[in-house]
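Residue-level listing of the chains:
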Amino acid sequence: MDIKILGPGCANCYKVEETVKKVVSQLGIQAEMSHIKDMKEIFKYTQVMPGLLVNGKLKYAGFPLPSEDKIRNILIEELSSK
């Protein structure tokens, strides 16, 4: 699974990133994570940040920040769609 956090590097972006890492660890799934900070690249997907991109698809953007449960549901849904 390919997971990207979209955001300029603010505290909220890092909070989402840490929450995603925690959920990935809890689920025990293989995931390649990265943080996209380049605004031109981010704007290809959304103008609302922070954003969560999973396997090339925008799964969440903006506020409120996604909870652990929300992220867990997003990742499980993506795993089951294969």
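So, how was this worked out
- Residues numbered from 1 in each chain as written.
- Predicted model: local features only at pLDDT ≥ 70, side-chain atom pairs only at ≥ 80, totals over all residues.
- Heavy atoms only, no water.
- Helix = DSSP H or I, 4+ residues; strand = E, 2+ residues; numbered from the N terminus.
- Expected span 1.5 Å × (residues − 1).
- Buried < 20%, exposed > 50% of the residue type's maximum accessible area, 1.4 Å probe, protein only.
- Arc of directions from axis to C-beta.
- Contact = heavy atoms within 4.5 Å.
- Pairing = 2+ DSSP bridges.
- Axes fitted to C-alpha atoms, helices over the stretch in contact; angles between N-to-C directions.

J.: Please provide a residue-by-residue account of helix α1 (residues 11-27), values included.
T.: When the terminal C-alpha atoms of α1 are compared, their 24 Å separation across 17 residues agrees well with the 24 Å that a helix rising 1.5 Å per residue should span. Buried within α1 are the following residues: C13, V16, E17, T19, V20, V23 and V24. All buried residues of α1 fall inside an arc of 165 degrees around its axis, so they share one side. Projecting away from the buried face of α1 at angles above 90 degrees are the exposed residues A11, K15 and S25. Each element contacted by the buried residues of α1 is listed here: β1 (2-6), β2 (32-36), β3 (51-54) and α3 (68-80). Directly after α1, the chain includes G28, whose backbone phi takes a positive value near 65 degrees.

J.: Outline the sheet that holds strand β4 (residues 57-61), supporting the account with residue identities and numerical values.
T.: In space, the 4 strands of this open sheet follow the order β2-β1-β3-β4, with mixed pairing throughout. For this open sheet the edge positions go to β2 and β4, each flanked by a neighbour on one side alone. Taking the axes of each pair of neighbouring strands and ignoring which way they run, one obtains an average angle of 20 degrees across the sheet. Note: β3 against β4, 4 bridges, orientation antiparallel. Residue pairing in the sheet places G51 in a bridge with A61 of β4. Its contacts with the sheet put α1 on β1, β2 and β3, and the angle it makes with β1 is roughly 160 degrees.

J.: Any details on the pairing of β3? Residues and values, ideally.
T.: Side chains G51 and L53 of β3 all project onto a buried face; the interleaved residues L52 and V54 project onto the opposite face, where all are buried too. Across 4 bridges, β1 lies against β3 in antiparallel orientation. Following the sheet pairing, K4 is matched in β3 by L53. Once β3 ends, the chain turns through 2 residues before running back antiparallel as β4, passing N55 with a positive phi of about 50 degrees.

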